[in-house]
Amino acid sequence: MSEQAHTQGACDGNAAPYVLGALSEAEHAAFVVHMETCAVCRDEVASLQVVADALPLAAPQLLPPPELKQRLMAQVRGEAAGAETPPERPRARRLPLWRPGFAPAVLAVAALIALLAVVLAGGGGTTTRSFRATVHPPGAAGVVTVSGTHAQLTLTGMPATERGRVYELWVKRGGAPAPTDALFTVTSAGRATVGVPGSAAGVKAVLVTSEPLGGSRTPTRPPAIVASIG
């Protein structure tokens, strides 16, 4: 078997189920080992993880009509009752659940579930927007979600800071970026979720730089993350 064929078989479209936690323990462990030598899968996981993390905040909150919940529950009960009826004959073979190319469909279903949860929860009409950040470290990804006057930055695949340094979040309303008290590090998997301090009203961009411990009043290095939200 060629090296190319082996790599394609190892990938096997597992990025989406990995992000959604749908792999078995054995499949999860095998895929983690595979990603150590597969940049394609690492990039795909980083990209999908940003979308999955943003799904709960990616839809406007609306007040549902009173009859919506009754209709949904009636449909769920009907489908559950149908599922209790045994099939007339067993299927000849079981098709694999996850195949290459399923990632867009999986995320579409996840987005629908998130939207349904928001609708059933109701809300006061607050609109949530998502902005993909420009990320300079290879393999990293970031998104800023803005809901009302609150903003949050979600990062995946970010490298750890050097010894004696920390990530610092900045906001730009006009002129030079202003420092915030949001200093953070990332997990061993390169992930972090950081709330943007203060009101997001008037903020044009959110930036992240690597700074000495304790933070800086002016950036000492070029931004690693730039998200335009204005």
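In what follows, the accompanying structure is described. (Residues numbered from 1 in each chain as written. Predicted model: local features only at pLDDT ≥ 70, side-chain atom pairs only at ≥ 80, totals over all residues. Heavy atoms only, no water.)

1. Overview of the pattern of salt bridges
Our working definition: Salt bridge, as applied in this entry: a Lys or Arg side-chain nitrogen positioned within 4 Å of an Asp or Glu carboxyl oxygen. Helix and strand labels come from DSSP, where a helix needs a run of H or I of at least four residues and a strand needs a run of E of at least two; each type is numbered from the N terminus. The buried label goes to any residue with under 20% of its type's maximum accessible area, the exposed label to any with over 50%, and the partly exposed label to all in between, with areas taken from a 1.4 Å probe on protein chains only.
Throughout the structure, instances matching the rule amount to one salt bridge. When the shortest N-O distance is used, the salt bridge between Glu162 and Arg221 registers 2.7 Å. Remark: Arg221 occurs in the loop between β8 (205-212) and β9 (225-228) and Glu162 occurs in the loop between β4 (150-156) and β5 (165-172); sequence separation between them is 59 residues. Look at Glu162 and you get partly exposed, because its relative accessible area is 46%.

2. Description of the sheet that holds strand β2 (residues 134-135)
In plain terms, the rule: A pair of strands is treated as paired once DSSP finds two or more bridges between them.
Ordered by their spatial adjacency, five strands build an open sheet running β2-β9-β8-β5-β6, and the pairing between neighbours is antiparallel. For this open sheet the edge positions go to β2 and β6 (178-184), each flanked by a neighbour on one side alone.

3. Description of the packing of aromatic side chains
Rules: Pairs were defined over the aromatic rings of Phe, Tyr and Trp, the Trp ring being its six-membered one, requiring ring centres within 6.5 Å. Orientation was assigned from the angle between planes: stacked under 30 degrees, edge-to-face over 60, tilted for the rest.
Going through the model one piece at a time under the given rule, you end up with two aromatic pairs. Aromatic pair Tyr18 and Phe31: ring centres 5.4 Å apart, planes at 55 degrees, arrangement tilted. Of this pair, Tyr18 sits in helix α2 (residues 15-19) while Phe31 sits in helix α3 (residues 25-35), and the two are 13 residues apart along the sequence.

4. Digging into the nonpolar core
Keep this limit in mind: Take the buried residues of types Ala, Val, Leu, Ile, Met, Phe, Trp, Tyr and Cys, join any two whose side-chain atoms come within 4.5 Å, and each joined set is a nonpolar core. In what follows, residue pairs with any heavy atoms lying within 4.5 Å of each other are defined as contacts.
The biggest cluster of nonpolar side chains holds 27 residues, and the ones touching the most others in it are Val144, Met158, Leu169 and Ile225. Taken together, the elements giving at least two residues each to this core come down to β3 (141-147), β4, β5, β6, β7 (192-195), β8 and β9. With residues up to four places along the chain from it excluded, the contact list for Leu169 reads Leu153, Pro179, Thr180, Ala182, Val194, Val196, Pro197, Val206 and Leu207. Ranked by size, the runner-up nonpolar core spans eleven residues in total, among them Ala15, Val19, Phe31 and Val45.

5. As for α3
For clarity, the cut-off: By construction, the arc corresponds to the directions joining the helix axis to the C-beta atoms.
Inspection of α3 places Phe31, His34 and Met35 among the buried residues, and these make up the whole buried set. Projected down its long axis, α3 carries its buried residues within an arc of 90 degrees, all on one side. Across from the buried face of α3, at angles greater than 90 degrees, the exposed residues are Glu25, Ala26 and Val33.

6. A few points about the layout of surface pockets
How we decide: Grid points spaced at 1 Å and placed over the protein atoms alone form the basis of the search, with a cavity being a set where a 1.4 Å probe fits but cannot get out and a pocket an open set showing protein on both sides within 12 Å along at least five of seven lines. Lining residues have an atom within 4 Å of a point. Grid points are joined across faces, edges and corners, and a volume is the space filled by probe spheres set on the points. Gly is placed with the polar residues, together with every amino acid not listed as nonpolar (Ala, Val, Leu, Ile, Met, Phe, Trp, Tyr, Cys and Pro) or charged (Asp, Glu, Lys and Arg).
Of the voids in this model, the largest pocket is the one considered here, and its volume is about 470 Å³. Surrounding the largest pocket, 19 residues form its lining, Met35, Arg42, Val45, Gly157 and Ala189 being those nearest its centre. Contributing elements (two or more residues each) for the lining of the largest pocket: α3 and α4 (39-54). For the lining of the largest pocket, the element with the most residues is α4, which contributes five residues. Across the lining of the largest pocket, the residue classes tally to eight nonpolar, seven polar and four charged.

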